There are 2 protein chains.
Amino acid sequence: MADNKKMVEAITSRDEDFAKWYTDIVKKAELVDYSGVKGCMVIRPYGYAIWENIQRDLDRRFKETGHENVYMPMFIPESLLQKEKDHVEGFAPECAWVTIGGSEKLSERLVVRPTSETLFCEHYAKIINTYRDLPKLYNQWCSVVRWEKTTRPFLRTSEFLWQEGHTMHETQEEAEAETLQMLRVYEDFYRETLAIPAVVGRKTEKEKFAGAEATYTIEPMMHNGVALQGGTTHYFGTGFAESFDITFQGRDNKLHFPHQTSWGVSTRMIGAIIMVHGDDDGLILPPRVAPIQVAVVPIAQHKEGVLDKAYEVAETLKKQFRVKIDASDNSPGWKFSQYEMQGVPLRLELGPKDIEKNQCVLVRRDTREKIFVSLDNLADEIAKLLDTIHDAMYQRALENMQAKTFEARTFDEFLTTAKETPGFIKAMWCGDTACEEKIKEETGGVKSRCIPFEEENLSDVCVCCGKPAKHMVYWGKQY
Amino acid sequence: MADNKKMVEAITSRDEDFAKWYTDIVKKAELVDYSGVKGCMVIRPYGYAIWENIQRDLDRRFKETGHENVYMPMFIPESLLQKEKDHVEGFAPECAWVTIGGSEKLSERLVVRPTSETLFCEHYAKIINTYRDLPKLYNQWCSVVRWEKTTRPFLRTSEFLWQEGHTMHETQEEAEAETLQMLRVYEDFYRETLAIPAVVGRKTEKEKFAGAEATYTIEPMMHNGVALQGGTTHYFGTGFAESFDITFQGRDNKLHFPHQTSWGVSTRMIGAIIMVHGDDDGLILPPRVAPIQVAVVPIAQHKEGVLDKAYEVAETLKKQFRVKIDASDNSPGWKFSQYEMQGVPLRLELGPKDIEKNQCVLVRRDTREKIFVSLDNLADEIAKLLDTIHDAMYQRALENMQAKTFEARTFDEFLTTAKETPGFIKAMWCGDTACEEKIKEETGGVKSRCIPFEEENLSDVCVCCGKPAKHMVYWGKQY
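Residues numbered from 1 in each chain as written. Chains lettered and ligands numbered in written order. Predicted model: local features only at pLDDT ≥ 70, side-chain atom pairs only at ≥ 80, totals over all residues. Heavy atoms only, no water.

## A word on the packing of aromatic side chains
Considering all chains together, one arrives at 36 aromatic pairs over all chains under this definition. When the ring of F414 of chain A is compared with that of W475 of chain A, the centres are 5.8 Å apart and the planes differ by 85°; the resulting orientation is edge-to-face. Taken together, the residues span a long stretch of sequence, with F414 of chain A in helix 14 (residues 411-420) and W475 of chain A in strand 23 (residues 471-476) at a distance of 61 residues. Here W475 of chain A falls in the buried class, since its relative accessible area comes to 0%. Taking the ring centre of F336 of chain B as reference, the NZ or CZ of R347 of chain B above it sits at 3.7 Å. (Phe/Tyr/Trp six-rings, centres within 6.5 Å; stacked < 30°, edge-to-face > 60°. Helix = DSSP H or I, 4+ residues; strand = E, 2+ residues; numbered from the N terminus. Buried < 20%, exposed > 50% of the residue type's maximum accessible area, 1.4 Å probe, protein only. Lys NZ or Arg CZ within 6 Å of the ring centre and 35° of its normal.)

This is the structure:
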């Protein structure tokens, strides 16, 4: 029990210092290690296994919606990056440049990809000729580099893992439908797999992606009320196509520019999982991405028959679930803390008395509820419980988001709410960037999150300037 | 048929110009596209789908042997790379250097990882403390960069995709066993999944990896008799551990250095698939990695009921196989050529007469054999046929390798064989690097491939210098 206590004490309380609580978890749950390269992280086996489960699920969704995976080079020649002006302006300050290759100074320096629009466009210019070549629905899983001054594991690192979809379409309608479809894919994934609710909508002009005509976003709220930009999809119109001279012969036999989209989510989602679901004892992982769904802990394992039975139960469950049995010398108490810290959705305890009764004890990580279950229908019970846990986690996160979503009808109300309680603020907006900038300045960082698809009419005037309102906007601070 | 003919004519004959035949295939089968970055390639959907199938199979084998995936940063600070002297000397000439990040000159330049031993060591130094922390069995899937002067898709590119395993062990015996185990995993994978036979064994001092104590290799032979280093596993001893100050408290309560291994295979394997199995009509893909295992081509598809039946058959088969149905306007002849070019193992033809007879025609890509099969037991027949094709492909490759493996007992014999017929030459060797260098020079590039695990005694003296022989070596030119 000494070990047990020590481990629990090692985490800062969530309500006391959310930032320290977060970094404590990523270290103690062995998700990441810091590396010698500033701003880059080592993703450790337990963290990477979460990413693999995320990848598998998302990749299936991408393929079901007709997308194919490709791999583009990790370098972009400077001249290629500069072909689209808004784009290069957006990314130039964050670039890492390769200037020497094979002991020689390069005649043209190369940027390590911060995103790959330009590479996809260069390739599309070669392979798109007629409307029969469209749509092109490509995706790539890779790492990208954006030089960051202040970094935090998963949330903001100079290198991170992600997927980037890049598609080309015959018409604006098709491309816009794709942009919205992929936003829905992300929303479904957050809800069905990560148990995370979110606000979705369109970004304002100020917040949209460099070079995009429209950017859509999914914005989950962390437990402390701060937003995380959880994934974005972009409609580019024909801007890149014009810069890169990508044309196709249309059904009318004339040359046209194709309409483009891109969309991406990253390892940042692991940060969202931690900050939406975790508590003072560590991670609470959504069952569908948890590397271990059931941790089997034998009780009084030195007693005859206990370990044999525990292994037998574990082996049976492995056919259906991700199971770990811990028969190490550590005390049960230490093991309980360990798997709580790692956020394992279910702990299975099995001791001599349980074996006598042909039962075991299941303990939910999210509620600590203890459930006695007959060994005869264990797998069915676990399957049901994992779904129950998923639903309960979603519901708690939804309630947190709802409780921390406010409305503001006057600027004073806006400022007071922003100061007192972190969360989303729903407020009307005139459409001017100047008001966004003023709000950001006077609140110390509250920005427009998005214009939701279904807007409420809270008032007729902008909360900031009092001019006629064009939209209802979700506002909030962000990671 | 005009299209058909045109497509087939577009490939250079394999026997006429092997190199051009190879690049024709990678382009025409749409495996890769060249990019604007010298020496880097775009891996297109069909090529990447092969890589995904390779990854899935290998990753399962790695996990079954107890390995876990991680992700290390893509950058290595110069000082970190320099910690192990042999290692840095081996890689320095091929490095790509990042010197500018976020608009500022970096105080220490960063190399884009050519391999990640140094990063793993830096991390292991932090997480290995006692023998209880061992073994560490980590693997990473990523891209690496080695600046190459002359490049060829898949075989030698400045950036390529690979996996790199890096493990740490308590004892030399364990580490050596791991090194050999992973060589066997590669050998099994080549045989069972890629249908490629190979020679396996130990590299000579001259050919071993920078910093390794021993390097083992799998060396398949391409159709033209040239070898490809198909994968390597390395035993490092404690050299890196000493340089990086990685120690653990042993069972004897004293500090020890752990014993290290690394092992890797890359997208180069796709090059091997092409060059071992392909023919004058294009790719011939091993069924277990083929993105499309069965291409369904409806015949006289405008006739009533044909397309419906073809879709019905395809949908049923999709539950068990990777199936594509091509109901496009292209002629059946064009489709036949297309799927031959893409190396699809089985073509399924279904026309009105077949439907009347409740049958279809299966055509093997490897032998062109036509087989009439009842629709009632189609899935079973296809499963059997795919295995038959796999075995036949392996057998043909084995026969080619055996036919192009020679023995040389005198230096004259060696030089004549090397000049006349590309292939492997088995010959005795004294163990001196000088003889390897002489052989390479006088033959225009024949190098030692490996010392096989089971050596034959062809003579008592070195084929080059006549001094007492220590080993029988496989020699040959390589890609």
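## A few points about the pairing of strand 10 (residues 214-219) of chain B
Residue and element names in this part refer to chain B. The element strand 10 is largely enclosed, with a buried count of six among its six residues. Neither face of strand 10 is open: one carries A214, Y216 and I218, the other T215, T217 and E219, and all of them are buried. Pairing of strand 10 with strand 11 (residues 231-237), which is carried by five bridges, proceeds in the antiparallel orientation. Note on strand 11: the bridge partner recorded for T217 is T232. (Pairing = 2+ DSSP bridges.)

## So, helix 3 (residues 45-64) of chain B
Every α-helical turn comprises 3.6 residues, leaving residues that sit three or four positions apart pointing alike. Compared with the 28 Å implied by 1.5 Å per residue over 20 residues, the 28 Å span of helix 3 of chain B between its first and last C-alpha is a close match. Counting buried positions along helix 3 of chain B gives 15 out of 20 residues, so the element sits mostly inside the fold. (Expected span 1.5 Å × (residues − 1).)

## Here's the deal with the relation of the copies chain A and chain B
Each copy of the sequence occupies a distinct position, and chain A is placed on chain B by a rotation of 180° and an axial shift of 0.0 Å, giving an RMSD of 0.0 Å. This pairing of chains is accounted for by a two-fold axis. Residue V98 of chain A, judged by its C-alpha, is the member of chain A lying nearest the rotation axis, at 2.1 Å. A shared interface surface links the copies, since 100% of the contact residues of chain A are contact residues in chain B too. (Least-squares fit on C-alpha atoms with pLDDT ≥ 70 in both. Contact = heavy atoms within 4.5 Å.)

## Quick word on the nonpolar core
In a soluble, globular protein the nonpolar side chains are often hidden away together inside. Counting 154 residues, the largest nonpolar core has I54 and F75 of chain A together with I54 and F75 of chain B as its most contacted members. Among all residues touching F75 of chain B, those that are not within four sequence positions of it are V37, C40, A96, V112, V145 and W147 of chain A together with V98, L110, V111, V112 and L119 of chain B. (Core = buried A, V, L, I, M, F, W, Y, C linked by side-chain atoms within 4.5 Å.)

## Quick look at unusual backbone geometry
Of note, the bond from L134 of chain A into P135 of chain A is cis; its omega dihedral lies within 30 degrees of zero at -5°. Within the secondary structure, P135 of chain A sits in the loop between helix 6 (117-127) and strand 7 (136-145). The backbone phi angle of N253 of chain A is positive, close to 65°, even though this residue is not glycine. Assignment of secondary structure puts N253 of chain A in the loop between strand 12 (248-249) and strand 13 (255-256). Even without glycine at this site, F154 of chain B takes up a positive phi of about 70°. Along the chain, F154 of chain B turns up in the loop between strand 7 (136-145) and strand 8 (159-169).

## Topic: the interface of chain A and chain B
Listed per partner, the contact involves 50 residues of chain A and 50 residues of chain B. For the pair chain A and chain B, the two sides together bury roughly 4,400 Å², of which 60% comes from carbon and sulfur. Across the contact surface, chain A and chain B share four salt bridges. The partner of K126 of chain A in a salt bridge is D33 of chain B, with the nearest N and O atoms 3.2 Å apart. Counting every contact that joins chain A to chain B gives 27 residue pairs in polar contact (both at pLDDT 80 or more). (Buried area = accessible area lost by both parts, 1.4 Å probe. Salt bridge = Lys/Arg side-chain N within 4 Å of Asp/Glu carboxyl O. Polar contact = N/O pair within 3.5 Å; in protein donor to acceptor, adjacent residues only side chain to side chain.)

## Quick look at helix 14 (residues 411-420) of chain B
Residues and elements named next belong to chain B. For helix 14, every residue scored as buried is listed here: F411, F414, T417 and A418. Within helix 14, the buried residues cover an arc of 130° as seen down the axis, which keeps them to one side. Across from the buried face of helix 14, at angles greater than 90 degrees, the exposed residues are D412, K419 and E420. Structurally, helix 14 contributes buried residues whose contacts are with strand 20 (405-407), strand 21 (424-429), helix 15 (433-443) and strand 23 (471-476). (Arc of directions from axis to C-beta.)

## Observations regarding the state of the cysteines
For the structure shown, the criterion picks out zero disulfides over all chains. With no disulfide of its own, C95 of chain A lies closest to C40 of chain A among cysteine sulfurs, the gap being 15 Å. Lacking any disulfide linkage, C142 of chain A is separated from the closest cysteine sulfur, that of C142 of chain B, by 12 Å. A relative accessible area of 8% places C142 of chain A in the buried class. (Disulfide = S-S within 2.5 Å.)

## Observations regarding the packing of helix 3 of chain B against helix 7 (residues 172-192) of chain B
Residues and elements named next belong to chain B. Contact geometry of helix 3 with helix 7 gives a least axis separation of 11 Å together with a crossing angle of 145°. Seen along the crossing, helix 3 lies across helix 7 with a hand that is right-handed. Residues I54, D57, L58, R61 and F62 of helix 3 form the contact with helix 7, whose own contacting residues are M182, V185, Y186, D188, F189 and E192. (Axes fitted to C-alpha atoms, helices over the stretch in contact; angles between N-to-C directions. Left-handed = near helix turned anticlockwise from the far one by under 90°.)

## Describing the environment of P286 of chain B
All names here are of chain B. Within the secondary structure, P286 sits in the loop between helix 9 (268-277) and strand 15 (294-298). Residue classification places P286 among the buried positions, given a relative accessible area of 0%. Put simply, P286 and G36 are 250 residues apart on the chain and 31 Å apart in space, counted from C-alpha to C-alpha. With sequence-adjacent residues up to four places away left out, P286 is seen in contact with T193, L194, I273, H277 and M393.

## Some thoughts on a negative patch on the surface
The grouping of D15, E16, D17 and D280 of chain A at the surface amounts to a negative patch. Within the fold, E16 of chain A resides in the loop between helix 1 (2-9) and helix 2 (18-28). (Patch = residues over 30% accessible without salt bridge, like charges linked within 9 Å, V, L, I, M, F, W, Y side chains within 5 Å. Areas by Shrake-Rupley, 256 points an atom, 1.4 Å probe, with all protein chains shown as cover. Lys, Arg positive; Asp, Glu negative; His and termini not counted. Charge placed at Lys NZ, Arg CZ, Asp CG, Glu CD.)

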